[in-house]
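Chain by chain, the residues run as shown.
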Amino acid sequence: MSRPIARQLVLNAFLHDTGHHEASWRHPDSSAERINDVRFYQEIARKAEAAKFDSVFLADVPGLAYDTGHRLSHSLDPVTLLSAVAAVTSRIGLIASASTTLSDPYTLARQFATLDTISGGRAGWNIVTTYAKAAARNYGLDDMPPHADRYRRAHEFLDVVTKLWDSWEDDAFVVDRASGVLFDVDKVHPIDHEGEFYRVRGPLTLPRSPQGRPVLVQAGASNDGREFAARHAEAIFTAHQTIGDAQAFYADIKHQAAAFGRDPDRVLILPGISPFVADSAQEARQLAREFNELTIAEYGLAQLEVMAGQSFADLDLDDKVPLERFGRAGDVLDNKRGRRQVVANIVERENPTLRELLHRLAGARGHNVVAGTPTQVADTIAEWFTSGAADGFNVMPPLYPQLFEVFVEKVVPILQERGLFRTEYDGASLREHYGLPRPAGRGVVH
């Protein structure tokens, strides 16, 4: 299904320390020494806001998922970091990942309501269930629960969090100095939730936040993940290598959302795109090759084995990758399809050596890496946007801040000239940027 041109393209800046190419930190122009400097992220967010981006986004895995010493994938806590970003920005959205498997619903509801409040209504929660064993062991678990159990827990977790966000009626905070009433106790309600996984009394400790609830974002591509996203998510982050695969995912999610009684136009599909932009296509391709030459095979293999769920230790780097290693990755009945399917599709289409496959994934972990002129990159974005493949993109620069600045200075103006992307903000909240309504309070006990 195709979205009307009048609908504005969504652009998020996906923050990832030195950049999304796994070897970006080794580049001589990288800011590797600043990856724990809050001012580094504040500067990038200001640049994204000046370019009128919808949001900045931080992913998170609370553990050293690839403990090889060659890359620090996640460092600072995203909610804390985005709180600092909120202090130096005024319009751009702030989306952070947080796990339903490893978090407590009351604490998470309070954190995101706080972020939404201090930012004036710019918060979004990327709902993840977390699969990394390294993270599980940081929370007293030997391993993560089975996939289906994590999603069953996630449904109840989101139910609890939503009830907590709605536990204050919108007009409960009255500040009536004359009568001595700060808030109306009759409009603040316990949630008294008792379920399979959680018992939570409520209410939350602060009034309903400016957006009512933070924007709900989800990134799962498994069968359970797609169903969860179609039922609950307002924006979906996804990874696709081809426009055909993106169109199929887009149509599937929109169809499922409609089946749940939702408006499909209020479920935004946002694939990742990692752009190498240069004045000529040849220069852009050479730039990508230069980054790939900086990769370290040990790290790439560790990452590939997690994505594929298979060991490749028996292969030499110049051996062809057997498609059989991916089993039922393309089978719609395979509940773990997702990033593994993306990798399997690359192997099927391109028949790469192991070295070539590692280079294909080094740029953005299975997201679409494009190398071209500003016009060529803008053409790709426009084609996906206008042909039912995307409502916008998570922009994943290979190198921060340099290649983000090139995208902002050379690609964004083309999109603006074509009427696809805003030149000024129309609203102040993330919901307004995304064209989403402020939800009415629900789940309140009267």
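Note: the structure precedes this text.
About the criteria used
- Residues numbered from 1 in each chain as written.
- Predicted model: local features only at pLDDT ≥ 70, side-chain atom pairs only at ≥ 80, totals over all residues.
- Heavy atoms only, no water.
- Core = buried A, V, L, I, M, F, W, Y, C linked by side-chain atoms within 4.5 Å.
- Buried < 20%, exposed > 50% of the residue type's maximum accessible area, 1.4 Å probe, protein only.
- Helix = DSSP H or I, 4+ residues; strand = E, 2+ residues; numbered from the N terminus.
- Salt bridge = Lys/Arg side-chain N within 4 Å of Asp/Glu carboxyl O.
- Contact = heavy atoms within 4.5 Å.
- Pairing = 2+ DSSP bridges.
- Right-handed = clockwise from strand over helix to strand, strands pointing away.

Visitor: Would you mind going over the nonpolar core with me for this structure?
Guide: For soluble globular proteins, nonpolar side chains are generally found buried alongside one another. Ranked by internal contacts, the top residues of the largest apolar core, which has 71 residues, are Leu11, Phe53 and Trp125. With eight residues, the single largest contributor to this core is helix α5 (residues 147-165). Grouped together as the second largest cluster of nonpolar side chains are 16 residues, Ile95, Ala235, Ala364 and Tyr434 included.

Visitor: Honestly, the pattern of salt bridges in this entry has me stumped. Any pointers?
Guide: Any two side chains of opposite charge can pair, on the condition that their charged atoms come close. Using the criterion set out here, one finds 25 salt bridges in the structure. Here Glu196 makes a salt bridge to Arg152, at a shortest N to O gap of 2.8 Å. One end of the pair, Glu196, is in the loop between β7 (193-194) and β8 (199-200); the other, Arg152, is in helix α5, and 44 residues separate them in sequence. On the accessibility criterion, Glu196 (53% relative accessible area) is exposed. Among the ionic pairs, Asp379 bridges to Arg418, the shortest N-O distance being 2.7 Å. On the criterion of sequence distance, the pair formed by Asp379 in helix α12 (residues 374-386) and Arg418 in the loop between α13 (402-417) and α14 (430-434) is long-range, its members being 39 residues apart. Through salt bridges with shared partners, a single ionic network connects Asp166, Asp170, Arg208, Arg213 and Arg438.

Visitor: Honestly, the environment of Ser119 in this entry has me stumped. Any pointers?
Guide: Within the secondary structure layout, Ser119 lies in the loop between α3 (105-118) and β4 (123-128). The class of Ser119 is buried, set by a relative accessible area of 7%. Sequence-wise, Ser119 and His359 are 240 residues apart; in three dimensions their C-alpha atoms are separated by 39 Å. The residues contacting Ser119, other than those within four sequence positions of it, are Ala86 and Leu94.

Visitor: Explanation requested: the pairing of β4 in the structure shown.
Guide: In summary, the side chains of a regular strand alternate between the two faces of the sheet. Most of β4 sits out of view: six of its six residues are buried. Here β4 shows no split at all, with Ala123, Trp125 and Ile127 on one side and Gly124, Asn126 and Val128 on the other all buried. Across six bridges, the pairing between strand β3 (residues 93-99) and β4 is parallel. The residue bridging Ala98 from the neighbouring strand is Ile127, located in β4. Taking the sense of rotation as the criterion, the β-α-β connection linking β3, α3 and β4 turns out right-handed.

Distances and angles like these do not, on their own, reveal function.
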